[in-house]
Amino acid sequence: MTTPPCDTGPNGGPDPHGSADRVWLRTDLPVEERVEALLAEMTLVEKVGQTHQSANVDPIADAELIRGGGIGSSLLASGATAGNERDTGIRVSTIDAVQRIAVEQSRLGIPLLFARDVIHGHRTVFPIPLGLAAAWDEDLVLRTARLAAAEASLDGVAWTFAPMLDISEEPRWGRVAESLGEAPVLTGRLGAAMVCGFQGDDLGSGEGDSRGEGDSRGAGSISGCAKHFVGYGLVAGGRDYETVQVGENTLRNLHLRPFRDAVEAGCATVMAAFTDVDGVPMHAHRHLLRDVLKGEWGFDGVVVADWDGIGQLVNQGVATDLRDAAAQAITAGVDIDMVTGAYAAHLVELVESGRVPLELVDDAARRIIRLKIRQGLFERPYVGATTSEPVLGPEARALAREAAAASFVLLSNNGTLPLAPTNPGRVLLTGPFVDEREVLFGTWTLDGRGEDVASPATAIRDRLQDNAIVDDGRFSDRTLHLVRQADVTVALVGEHPSRSGEANSVTDIGLPAGQLEVLRAIAAMGKPLVVVVFTGRPLDLGEVLDLADAVLIAWPPGVEAGPALIETLFGDRSPAGRLPMTFPRGIGHLPTSTHARPTGRPIAAVDDPVIGRYLDALVLPRFPFGWGLTYTSFSYGPIRLSSHELSLLGGSIEVSVDVTNSGTRPGREVVQLYLRDLVADVTRPLLELADWSSLDLDPGATGTATFTITPAQLSYFDRTMTLRIDPGEAVVTVGPDSSNGVSVRVTITK
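Report on the accompanying structure. (Residues numbered from 1 in each chain as written. Predicted model: local features only at pLDDT ≥ 70, side-chain atom pairs only at ≥ 80, totals over all residues. Heavy atoms only, no water.)

1. Some details on the packing of helix H17 (residues 476-485) against helix H18 (residues 515-523)
Following both chains from N to C, one finds H17 and H18 inclined at 30 degrees, their axes separated by 10 Å at the closest point. Judged on the interaxial angle alone, H18 and H17 are roughly parallel. Considering only the axes of H17 and H18, their crossing is right-handed. Note on element contacts: H18 touches H17 through Val518, Ala521 and Ile522, opposite Ser476, Thr479, Leu480 and Val483. (Axes fitted to C-alpha atoms, helices over the stretch in contact; angles between N-to-C directions. Helix = DSSP H or I, 4+ residues; strand = E, 2+ residues; numbered from the N terminus. Parallel < 35°, antiparallel > 145°, perpendicular 65-115°, else oblique. Left-handed = near helix turned anticlockwise from the far one by under 90°. Contact = heavy atoms within 4.5 Å.)

Structure representation (structure tokens):
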């Protein structure tokens with residue numbers, strides 16, 4: 001963003017709002033001194049105004065409200081489920097017009113904070129978050145978020161509602177597409193990387209209060225938001241907005257962990273979940289929001305409501321009206337009311353009547369002002385006009401292609417892939433996705449443009465020329481004629497983006513209607529069949545695996561979908577993704593994940609076919625968490641330990657294993673470390689991801705994956721919600737996924 005110097009007005013003359021008598025504008029002072037100086041000047045009405053977030057603020061209709069300090073932030077969105085509805089985009093001129101009223105015509109000159117859902121890219125669209133998680137690559141996630149922030153900030157966006165850190169083992173829930181997987185360690189580390197990418201190095205680091213000019217975030221950064229706090233991934237039946245039954249121990253040992261990682265990474269904001277937690281709606285949950293998040297964790301950022309989340313307290317039956325809802329939410333620790341208007345309508349009166357203490361409103365306003373100062377809005381309130389239409393440059397496209405290719409997960413392959421790079425014969429590319437562009441963005445994409453996408457059809461024609469046969473599959477009988485003419489068929493199937501994301505839950509996790517029938521007919525022709533699946537969730541692919549010679553999960557891969565896919569199919573790139581969620585055998589197996597804890601009557605995996613939990617199916621998943629093939633093979637050596645004992649008094653154990661590329665092509669192996677605490681105060685997971693290491697190896701080369709186990713990795717919350725580490729035995733497992741590995745035991749000593 002750009003702005004005139006603080007001591008000059010918009011036309012170069014003296015600025016009535018200059019820093020001489022406005023201490024909060026002095027960038028040489030610590031953040032907290034600036035915050036308190038401004039807070040001391042604000043009236044109750046102006047403090048409440050900071051807590052009110054409108055949708056799509058208008059410089060004409062809302063001018064008087066802005067001048068009076070009645071709006072603190074505005075969400076730029078098409079509606080409550082903006083991920084399902086494209087809007088007309090962002091108008092920079094509107095943002096600057098609003099800011100000029102706020103900065104130059106209001107009493108205190110406090111700029112507005114403009115927010116928009118920048119979930120997996122802005123103009124440059126990357127794979128959906130679940131696809132990005134499949135890359136198991138923190139640096140890649142950071143770089144994609146960094147580019148998204150740079151692009152979004154040029155459009156005036158200062159705040160995004162990502163990353164989504166909900167842990168879920170329920171693929172019926174459409175919002176798993178926005179998640180970073182089922183494992184707290186994977187989600188937490190990737191979420192922290194996304195926060196660092198969005199925010200840069202300064203804001204929310206916890207070091208800014210004494211650094212003067214370094215307190216404000218640099219241009220090109222935006223504030224992140226860890227959502228949805230907490231337990232939203234546990235919605236009953238995978239139905240969006242449903243109730244959640246969970247105890248605090250499970251929350252602390254599983255669902256709260258990635259949020260803690262995001263807070264420690266300096267995440268500027270946290271969003272409350274729509275749901276209740278064991279009967280208490282999160283927008284009224286004082287214990288988790290104010291006591292745990294703000295108190296126990298020391299979070300000094302902003303808690304924002306979800307869309308109309310405060311108003312929905314009335315629907316949830318815990319508030320009599322909006323006034324009551326506002327009182328409960330501010331008491332619980334919700335600082336910003338998203339679009340409901342409950343704070344704007346009732347907070348002043350609630351304070352004056354004595355129901356809400358003034359210090360709660362002060363706390364909310366203080367946090368919001370702190371965020372704006374850290375964001376650098378007082379120094380850079382305006383976006384500034386651009387003279388040319390931005391285009392996607394080669395660096396952005398290169399990163400998008402890298403991310404897309406890194407997200408692909410090869411589920412099965414009998415040797416059909418990769419296709420011959422020089423003489424593959426005639427290749428039929430068929431299915432509903434062959435000519436699609438915008439569809440390949442996936443859910444929650446507001447600012448990507450379909451014309452930027454190179455479709456799979458374009459990419460394969462560019463590569464094979466006359467040997468490419470392209471068919472959109474509208475007429476299955478015509479498709480079968482083309483199968484006869486081809487040497488190999490690549491079928492692109494899966495979910496349209498409207499089948500995943502918010503408010504898009506399903507009861508059937510198979511392919512959409514009609515697709516399986518076409519695959520059966522193609523497979524019956526007896527020619528090689530490769531199936532590429534675009535999906536926002538784990539699917540039941542049992543019969544597809546039987547029909548196809550190879551199955552590749554491509555998720556919605558983003559703006560470079562076509563080139564990344566074709567390069568991977570022909571072996572220019574080797575698929576290296578690993579599943580961030582378990583793929584179940586069927587709908588009857590849900591929920592399923594690596595979260596399983598020991599039961600009173602355990603069953604070993606080898607006994608599943610004989611004494612399993614079901615009479616009509618195995619319990620084991622179709623594909624375990626962490627699964628993924630490449631175009632080569634890897635062999636593991638024995639596990640080496642620096643010691644078999646781990647001291648609770650700050651000790652560590654180094655775990656290493658040699659991995660050899662035993663195949664004929666280069667490849668990337670994701671070596672995974674799992675831990676299990678055998679005896680604890682509460683039941684602990686049978687297997688829990690603790691770390692991972694990626695090795696890029698040429699044929700015949702050997703690399704070493706090395707991990708360091710510390711007591712903290714075996715810590716957990718006990719029956720009294722106390723964090724503890726127990727002496728005793730633990731199991732260390734190293735392998736390529738959660739179901740294949742070699743285990744050794746270590747002893748934790750006092």
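2. Considering helix H6 (residues 138-154)
Compared with the 24 Å implied by 1.5 Å per residue over 17 residues, the 25 Å span of H6 between its first and last C-alpha is a close match. Along H6, the residues classified as buried are Leu140, Val141, Thr144, Ala145, Leu147, Ala148, Ala149, Glu151, Ala152 and Ser153. On its buried side, H6 packs onto helix H5 (129-133), helix H7 (184-199) and helix H15 (394-407). Positive phi appears at Gly156, one or two residues downstream of H6, with a value of about 95 degrees. (Expected span 1.5 Å × (residues − 1). Buried < 20%, exposed > 50% of the residue type's maximum accessible area, 1.4 Å probe, protein only.)

3. A short note on the pairing of strand S11 (residues 427-430)
On S11, burial covers both faces: Val427 and Leu429 on one face and Leu428 and Thr430 on the other are all buried. Taking the sense of rotation as the criterion, the β-α-β connection linking S11, helix H16 (residues 456-464) and strand S12 (residues 468-471) turns out right-handed. (Right-handed = clockwise from strand over helix to strand, strands pointing away.)

4. Some remarks on the sheet that holds strand S10 (residues 409-413)
In a beta sheet, neighbouring strands pair by backbone hydrogen bonds and run either parallel or antiparallel. Read across the sheet, 6 strands follow the order S10-S15-S14-S13-S11-S12 without closing on themselves; strand pairing throughout is mixed. With partners counted over all chains shown, the strands left at the sheet margins are S10 and S12, one partner each. Averaged over all pairs of adjacent strands, the angle between strand axes in this sheet comes to 15 degrees, irrespective of strand direction. Alignment of S11 against strand S13 (residues 488-494), held across 4 bridges, turns out to be parallel. (Pairing = 2+ DSSP bridges.)

Geometric descriptors of this kind do not, in isolation, establish any biological role.
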